[in-house]
Amino acid sequence: MRSAHPALLLATFGLFGCADRSSDPGAGEVGGTVVITVPGGFPPSLPPIIQEATSRAVADQVFERLADIGEDLNTLGDRGFTPRLAQRWSWAPDSLSIAFALDPRARWHDGRPVRASDVRFTLGLLKDPLTSSPFTTLLVNIDSISVADSLTAVVWFRRRTPEQFYDAAYQIEVLPEHVLGRVPRNQLRAANVASVFVGSGPFRMSQYEPGVRLTLIADTANYRGRPKLDRVIWSFSTDAGAAITQFMSGQSDIYDGVPTDVLPRLDSNPNLRVRPVTGFVYAYMAINQRDPRRNAAPHPIFADRQVRRALSMALDREAMLRNVFGPTGVLGAGPYPSALADSAVRMLPFDRAAAAAMLDSAGWRAGADGIRSKDGRPLAFSILVPTSSAQRMRYAVLLQEQFRAVGARVTVDARDIQGFIDRQNTRNFDMTLTAWSSDPAIGGIKQTWTTSGMVGGNNNMSYSNPQVDALIDSALTGFDPVRTRQYAHRAYQMIVDDAPAVWLYDFVQNLGYHSRLRPVDVRATGWAFGLARWWIPEAERIDRDRLGLRPPPPQP
């Protein structure tokens, strides 16, 4: 995996282009407002507790990392990483620590200087169990962060690994201790967003109206230079049809994720553009192995590996993909996005007859009504799905029909995005149609498919296999690329064979935007990566005064 990884990423990156940083075609073009339509009212979150892609896009404009990953998305060593909050860094002779020298010009949006103690504070917050961060499992190799002086943070590691620099530079978005230090860590999710979103990035929080709008304005005094845009607004719509109508009528400038069936309508509008963004987000149906009512107890149906395998084999993943996405869909490749896939892994085949036979042998026999039961319990369960995702709503209906064909009675539990996230976090579901944005690093697999991810990650289906844990650990700590591939392959195959999920599709994000916008540095890790450098020619800017907007005032 490690030797093939950079080449795969370069191939993927080529699908959506990269920025030429040697020139600035938008030099001098400062001003304008961009309105982004989002179906559903997402809950904005601080970086340690983000679980949703739009929240990530917002947070990445406000907060900063020590260094940015390079355009080739290399995660091995520090090659290609560019300075961000850290001006430079130096490795200890034994490679067990890295000293990051912070930019002395960096300021929080309230004017306070960014200090090394803020970096130390952020790691403590991320690793505190009270925070319940899904990223904790990615930071286990970081032992601590010490403060050499006010502008030097030293990151200490438990052992040398190929991705240790990536772990420190990319996984930690630095937060202000003087703001968040007074917020109880078990209350971060409920904290007032407008008051705690104090970062050092190009945009600053201006206003948040839950379920209506979130507004960021340019930090005009930013130490790295002000962003070209004056303002970015995320406008929420609970109705997906109304959201796309807003975009097509010019009420908004960007639609984050144009549905495939809407693309023909955009073709007839000369002012709209669509850019497919192939990234690291993949969708799957997670199968809960714990009882949703009593998490300490095994699930009465899905704790049985044979039943999980049978239900997986009962599904025609290819047919569902074509039904929802047509010829543009990308079939799920396994416990990773396609860009990181191991082509040698054998997926469970679609074989409905074999699935029925396996259910029979597991004691689930069909009754007169066609529904299976065992010991008086029907083969009945629900699928949790977010109403904000039109694609997953359609998948839920297709899954319901296909499960019925093998004698399972399935109900669709549709929830708004906050209700969906709450149910997943508390493991209160049988199956859930979820999506996850994987790291561009092999280590990202720990969040979802290892035992450690049950506490400090995204493993909300409670999947645990000690053999998988050991293999992933060996893959992440070795420097021999051949052995790394071997360990990773064995782990991937075990996960697929255990059937903790059904991998449905990769996200090909159809980014819709108005032709007056000039996108910059759209990346697989997130289309909004270069948003601070997006620009609008002065002659093409729209008067947004009807929204009550004015350019942000100069800051001292």
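Please read all numbers here as calculations on a predicted model, not as lab measurements.

Turning our attention to the overall build of the protein. From N to C terminus, the protein includes 17 helices and 22 strands. Relative to a compact globule of 556 residues, whose C-alpha radius of gyration would be 24 Å, the protein shows 24 Å and is just as compact. The 556 residues of the protein split such that 56% are buried. Long-range contacts, defined as pairs at least 24 residues apart, comprise 70% of the intrachain contacts of the protein with a sequence gap of at least 6.

Strand order in this open sheet of four strands is β5-β6-β8-β7, and the pairing throughout is antiparallel. Edge positions in the sheet fall to β5 (86-91) and β7 (142-149), since each of these pairs with one other strand and no more. Adjacent strand axes in the sheet meet at a mean angle of 20°, parallel and antiparallel pairs treated alike. In the sheet, strand β6 (residues 97-102) pairs with strand β8 (residues 152-157) via five bridges, with the strands oriented antiparallel. Bridge pairing in β8 places Phe100 opposite Ala153.

Turning to the pairing of strand β19 (residues 380-386), a few remarks are in order. Two faces make up the sheet, and in a regular strand the side chains alternate between them. Judged by how many residues are buried, β19 sits mostly within the fold: six of seven residues are covered. Of the strand pairs in this sheet, β19 and strand β20 (residues 409-415) are connected by seven bridges, and their pairing is parallel. Among the inter-strand pairings, Pro386 is bridged to a residue of β20, identified as Arg415. Crossover β19 to β20 through helix α12 (residues 390-404) is right-handed. Of the pairings in the sheet, the one linking β19 to strand β21 (residues 431-437) comprises two bridges and is parallel in character. Across the sheet, Ile383 pairs through a bridge with Met431, a residue of β21.

Counted residue by residue, strand β12 (residues 231-237) has seven buried out of seven residues, so it is predominantly covered. Where burial is concerned, the two faces of β12 agree: the one with Arg231, Ile233, Ser235 and Ser237 and the one with Val232, Trp234 and Phe236 are both buried. Of the strand pairs in this sheet, strand β1 (residues 33-39) and β12 are connected by seven bridges, and their pairing is parallel. Across the sheet, the residue bridging to Thr37 is Ser235, located in β12.

Bringing the packing of helix α9 (residues 305-313) against helix α11 (residues 352-361) into the picture now. Interhelical geometry of α9 versus α11 gives an angle of 155° and a closest axis separation of 8 Å. In terms of orientation, α9 and α11 fall into the roughly antiparallel class. The element α9 and its partner α11 pack so that their crossing is left-handed. In this structure, α9 contributes Gln306, Val307, Arg309, Ala310 and Met313 to the contact, and α11 contributes Arg352, Ala354, Ala355, Met358, Leu359 and Ser361.

A few words now on helix α10 (residues 317-325). Listing the buried residues of α10 in full gives Arg317, Met320, Leu321, Val324 and Phe325. End-on view of α10: buried residues confined to an arc of 100°, all on one side of the axis. Once α10 ends, the next one or two residues include Gly326, with phi positive near 65°.

Strand order across the open sheet formed by three strands is β16-β17-β18, with antiparallel pairing between neighbours. Each edge of the sheet is formed by a strand with only one pairing partner; in this case those strands are β16 (365-366) and β18 (377-378). Inspection of the sheet shows β16 paired to strand β17 (residues 372-374) by two bridges, in the antiparallel sense. Across the sheet, the residue bridging to Arg365 is Ser373, located in β17.

Moving on, we get to unusual backbone geometry. At Leu73, a residue that is not glycine, the phi angle is positive and equals roughly 60°. Unusually for a residue other than glycine, Asp375 sits at a positive phi of about 55°. Among the structural elements, Asp375 can be located in the loop between β17 and β18.

The next subject is the pattern of salt bridges. Counting across every chain of the model gives 25 salt bridges. A salt bridge links Glu29 to Arg541; the shortest N-O distance between them is 3.1 Å. Of this pair, Glu29 sits in the loop between α1 (5-13) and β1 while Arg541 sits in the segment after β22 (501-514), and the two are 512 residues apart along the sequence. Asp68 is the salt-bridge partner of Arg84, the closest N and O atoms lying 3.5 Å from each other. Placement of Arg84 in the loop between β4 (82-83) and β5 and of Asp68 in strand β3 (residues 67-68) is noted, with a sequence separation of 16 residues between them.

Moving on, we get to the environment of Gln251. Its location among the elements puts Gln251 in the loop between α7 (240-248) and β13 (254-256). Taking the relative accessible area as the measure of exposure, Gln251 reaches 42% and is therefore partly exposed. In sequence terms Gln251 and Pro134 are 117 residues apart; their C-alpha atoms lie 35 Å from each other. One polar contact links Gln251 to Ser249, side chain to side chain, over a distance of 3.0 Å.

Turning to the packing of aromatic side chains, a few remarks are in order. In total, this model carries 19 aromatic pairs according to the counting rule given. Arranged with centres 6.2 Å apart and planes meeting at 50°, the rings of Trp89 and Phe100 form a pair that is tilted. Of this pair, Trp89 sits in strand β5 while Phe100 sits in strand β6, and the two are 11 residues apart along the sequence. Here Phe100 falls in the buried class, since its relative accessible area comes to 0%. Taking the centre distance of 5.1 Å and the plane angle of 70° together, the rings of Phe302 and Phe381 count as edge-to-face. With Phe302 in the loop between β14 (272-287) and α9 and Phe381 in strand β19, the pair connects residues that are 79 residues apart, well separated along the chain.

On to the side chain of Thr161. Structurally, the position occupied by Thr161 is in the loop between β8 and α4 (164-170). Looking at Thr161, the relative accessible area reads 10%, which means it is buried. When sequence neighbours within four positions are dropped, the list of residues in contact with Thr161 reads Asn141, Leu476, Thr477 and Phe479.

Turning our attention to the nonpolar core. Within soluble globular proteins, side chains that are nonpolar generally end up buried alongside one another. Counting 106 residues, the largest nonpolar core has Trp234, Trp449 and Trp534 as the members making the most contacts within it. The element best represented in this core is helix α3 (residues 116-127), accounting for six residues. With residues up to four places along the chain from it excluded, the contact list for Trp234 reads Ile36, Val38, Phe42, Thr54, Ala57, Val58, Gln61, Val212, Arg213, Leu214, Leu216 and Leu531. If you look at the next biggest cluster of nonpolar residues, it comprises 41 residues, including Leu311, Met358, Ala408 and Met431.

Definitions and cut-offs
Residues numbered from 1 in each chain as written. Predicted model: local features only at pLDDT ≥ 70, side-chain atom pairs only at ≥ 80, totals over all residues. Heavy atoms only, no water. Helix = DSSP H or I, 4+ residues; strand = E, 2+ residues; numbered from the N terminus. Rg over C-alpha atoms; globule rule 2.2 N^0.38 Å. Buried < 20%, exposed > 50% of the residue type's maximum accessible area, 1.4 Å probe, protein only. Contact = heavy atoms within 4.5 Å. Pairing = 2+ DSSP bridges. Axes fitted to C-alpha atoms, helices over the stretch in contact; angles between N-to-C directions. Right-handed = clockwise from strand over helix to strand, strands pointing away. Parallel < 35°, antiparallel > 145°, perpendicular 65-115°, else oblique. Left-handed = near helix turned anticlockwise from the far one by under 90°. Arc of directions from axis to C-beta. Salt bridge = Lys/Arg side-chain N within 4 Å of Asp/Glu carboxyl O. Polar contact = N/O pair within 3.5 Å; in protein donor to acceptor, adjacent residues only side chain to side chain. Phe/Tyr/Trp six-rings, centres within 6.5 Å; stacked < 30°, edge-to-face > 60°. Core = buried A, V, L, I, M, F, W, Y, C linked by side-chain atoms within 4.5 Å.

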